[in-house]
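Report on the structure
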Amino acid sequence: MSTLLEMSGVSVSFDGFKAINNLSFQIGEPEMRAIIGPNGAGKTTFMDIITGKTRPDEGRVIFGEKSMSLLGMSESQIARAGVGRKFQKPTVFEAQTVRENFALALKNPRSPFDVLLHRKTPAGADRIEALAEQVGLSDQLPRMAGELSHGQKQWLEIGMLLAQDPRLLLVDEPAAGMTPAEREKTTDILVAAAQKHAVVVVEHDMEFVRRLNCKVTVLNEGSVLAEGSLDHVTNNPDVIDVYLGR
Amino acid sequence: MTKALSKTFLIRHPSTLWVLASLGLFTLIVSVLSEAAGTGLISTSFVKTLGKTLCLCLIAIAMDVVWGYCGILSLGHFAFFGIGGYAIGMWLMYARTEAIVAQNLSANLIPPTDSEISDAIATQIFGVVGASEFPAIWAFSHSLTLQLLMVLLVPGLLALVFGWLAFRSRVTGVYLSILTQAMTLALALYLFQNDSGLRGNNGLSGLQNIPGFEATSQAVISLAFFWASALALALGYLLFAWVTAGKMGSVIRAIRDDEARVRFLGYQVESYKLFVFTLTAVVSGIAGALYYPQAGIINPAEIAPIASIYLAVWVAIGGRGKLYGAIIGAVFVSLLSSYFTGGSAPDINLGFYVIKWTDWWLVLLGLSFVAVTLLFPGGIASLFDKLARKQ
């Protein structure tokens, strides 16, 4: 397992409020990691920094074998480098069909020229069918994404994340609003992805985190409070104090 | 290969086929009924009005692509239209004045030198603004080829630079609209100045007289321009139908609906916006270059901010996000506008007040804009879609 992403000494503040405070974090490839923490611990800001949405005030964020810094890169460059993100609130393109949504996410050249001259290929169609099958949307491909139920949109978004074939998957509260059976399926998909790639899951639901069976990082007030197995961190007195005990 | 491709493209997009067939039929009918064909049921001036309307349709579909598909509410596309008109107008004025000057000077016993000819042309063109020398921007005006190139290059480069600055700074929504208004206003104000080099508020005139075709009647010239406008509209429609279909269409509609999400998928949103903005600006320039020889005159008032707002109104009334919607809007509103403002609409006498349509047309247009936006957000085109779905 080699290190894929390394953050060190990262801080960011909004109007004087330190959302992230001297945070250091690393994840290898392949690896599964769960991130837990109370509201306002900086989980979403953490993802915003990696994906280029928020620029940190200080610190380093290094990605890949060539140790490229993600800090000077735009959101789209970071995405093309291999960082995929699933948002907490499902954001799919509602005015387009499920198939078009998948096609947009599918790993292909992204420049306007390539896209303009893009021709549909049987390989691409097969890939979309396979992804739709995997997330249970095979029957829904011709439908408008806006007509899907909330749960189906969640699945579409997970499918789109997989379609990008990223090396690092950032997944924000995947289990929110899902039935127990769906949660199990989500777990399976994420565990399968973590066989090859790095997966970071932000989740509130302890049962879900337990099923992921991976190393856990606890964030609090913008920095790492504890790290280790779920049992290890849940027995840590600091963690009990700030988070679980309340 | 290309033929097979375009065939399947048209079959997969039946609305494109319908539009092109209607346009062809319309062109045929107008040609047969025009004065040039001898029947004269349609007057030459009305052929010009129809030809100009086709040019307005062309800029309307460009506006629809940039606004309806890509979500950039540009309120400055008429600037590109006007630039196209000025670019072709410069050659038209130069070449015609040159012919007149050559004729006048040919009576002289001593043959005039080149600089005398040049000075005489300049005096003729710029005398009206008190100048007698060619400004630098007229350097290419002697060459039709170069000025045609300007029709494409000047709107394209202006859009490229403006778009690059605006999109790179992530200016979006209403702020971008205001910026585009500022651009077209600044351009209009600049052109209003006498020392702008484009004859200030006089603009360029006599553009209906095509150099080299002095012997040809306006009836024939007007029909030729009508055909050229119809061809340009057909090609423009095909181009935009192709761009908005397939994956490019999918990406630009996605940018319209949620551009941040598109970025996280790895697409460089700014490049796509710049591509759409520049392409539509170039097409607008072509539309203007075909429009103004039919109008005969261009002046800075043509690119005042209000013109670009009208353009948005046409597209909104016709139906955003559908190319044929933009055409419906442009035809419907511009022909209705020439009916009401042309003085042929009868005044309505209410006893205590007389409604004069020349004054009240704008109120009617404004009200219908509000009504369409509130009641039929899909515009007139959505009524067609409803009919098609019922069948």
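Naming follows an unreviewed UniProt entry, where chain B appears as Leucine/isoleucine/valine transporter permease subunit of Pelagimonas phthalicica. UniProt annotates chain B under Subcellular location (unreviewed entry) with the comment "Cell membrane".

The name given to chain A in an unreviewed UniProt entry is Methionine import ATP-binding protein MetN, with Pelagimonas phthalicica as the source organism.

1. Notes on the overall build of chain A
Counting secondary structure elements, chain A contains 10 helices and 10 strands. Taking 246 residues into account, the globule formula puts the C-alpha radius of gyration at 18 Å, and chain A, at 18 Å, falls close to it. Counting only C-alpha atoms and orienting by the principal axes, one finds that chain A spans roughly 55 × 40 × 35 Å. Expressed as a percentage of its 246 residues, the buried residues of chain A come to 43%.

2. Overview of the sheet that holds strand E10 (residues 223–228) of chain A
For sheets, the rule is that strands pair by backbone hydrogen bonds, running either parallel or antiparallel. Residue and element names in this part refer to chain A. Overall, mixed pairing links the 6 strands, which are arranged E6-E7-E8-E3-E9-E10 in an open sheet. With one partner strand each, in any of the chains shown, strand E6 (83–86) and E10 form the two edges of the open sheet. Across this sheet, the average inter-strand angle for adjacent strands is 20 degrees, counted without regard to direction. Relative to strand E9 (residues 215–220), strand E3 (residues 31–36) runs parallel, the two being bridged by 4 bridges. For Ile35, the partnering residue across the bridge sits in E9 and is Thr217. The sheet strands contacting helix H7 (residues 180–193) are E3, strand E7 (168–172) and strand E8 (198–202), and the helix crosses E8 at an angle near 145 degrees.

3. Some points on the interface of chain A and chain B
Often, the extent of an interface is quoted as the loss of accessible area on bringing the components together. With 21 residues of chain A at the contact, the number on the chain B side is 20 residues. Only helix H2 (75–81), helix H3 (98–105) and helix H4 (112–116) of chain A provide two or more residues apiece to the side of chain A that touches chain B. Along the lines of polarity and charge, the residues of the side of chain A that touches chain B split into 9 nonpolar, 7 polar and 5 charged.

4. Let's talk about helix H12 (residues 305–318) of chain B
All names here are of chain B. Over its 14 residues, H12 extends 20 Å from the first C-alpha to the last, a length consistent with the 20 Å expected when each residue adds 1.5 Å. In terms of burial, H12 is a largely internal element, 11 of the 14 residues being buried. Along H12, the residues that are buried comprise Pro305, Ala307, Ser308, Tyr310, Leu311, Ala312, Trp314, Val315, Ala316, Ile317 and Gly318. Residues of H12 that are buried in the fold lie against helix H3 (44–69), helix H4 (77–105), helix H7 (173–192), helix H13 (323–341), helix H14 (357–375) and helix H15 (379–390). Once H12 ends, the next one or two residues include Gly319, with phi positive near 130 degrees.

5. Things to note about the packing of H3(A) against helix H5 (residues 122–134) of chain A
Residue and element names in this part refer to chain A. Their axes nearest at 10 Å, the elements H3 and H5 cross at an angle of 110 degrees. Between H3 and H5, the crossing angle belongs to the class labelled roughly perpendicular. For the pair H3 and H5, the crossing hand works out as right-handed. Contact residues: Arg99, Phe102 and Ala103 in H3; Ile128, Leu131 and Ala132 in H5. Grouping the constituent residues of the contact of H3 with H5 by class yields 5 nonpolar, no polar and 1 charged.

6. Comments concerning the sheet that holds strand E1 (residues 2–14) of chain A
Residue and element names in this part refer to chain A. As summarised here, the arrangement of the 4 strands in space is E2-E1-E4-E5, forming an open sheet in which the pairing is antiparallel. With partners counted over all chains shown, the strands left at the sheet margins are strand E2 (17–29) and strand E5 (68–69), one partner each. Note that E1 and strand E4 (residues 58–63) share 5 bridges and pair antiparallel. Directly across from Ser8, in E4, lies its bridge partner Arg60. Against the sheet, helix H1 (residues 43–51) makes contact with E1, E2 and E4, and its axis sits at roughly 65 degrees relative to E2, the strand it touches most.

7. Looking at unusual backbone geometry
Following Glu29(A), the chain continues into Pro30(A) via a peptide bond in cis, with omega recorded as 0 degrees. The topology assignment puts Pro30(A) in the loop between E2 and E3. Of note, Glu221(A) is a non-glycine position whose phi angle comes to about 50 degrees, a positive value. Within the secondary structure, Glu221(A) is located in the loop between E9 and E10. Residue classification places Glu221(A) among the partly exposed positions, given that 15 C-beta atoms sit within 10 Å. In this structure, Arg199(B) takes a positive phi of about 65 degrees despite not being glycine. Following the sequence through the fold, Arg199(B) ends up in the loop between H7 and strand E1 (204–205).

Procedures and definitions
- Residues numbered from 1 in each chain as written.
- Chains lettered and ligands numbered in written order.
- Predicted model: local features only at pLDDT ≥ 70, side-chain atom pairs only at ≥ 80, totals over all residues.
- UniProt positions renumbered as here; feature names shortened; annotations may be inferred.
- Helix = DSSP H or I, 4+ residues; strand = E, 2+ residues; numbered from the N terminus.
- Rg over C-alpha atoms; globule rule 2.2 N^0.38 Å.
- Buried ≥ 20, exposed ≤ 12 C-beta atoms within 10 Å, placed from the backbone.
- Pairing = 2+ DSSP bridges.
- Axes fitted to C-alpha atoms, helices over the stretch in contact; angles between N-to-C directions.
- Contact = placed C-beta atoms within 7 Å.
- Nonpolar A, V, L, I, M, F, W, Y, C, P; charged D, E, K, R; others polar.
- Expected span 1.5 Å × (residues − 1).
- Parallel < 35°, antiparallel > 145°, perpendicular 65-115°, else oblique.
- Left-handed = near helix turned anticlockwise from the far one by under 90°.

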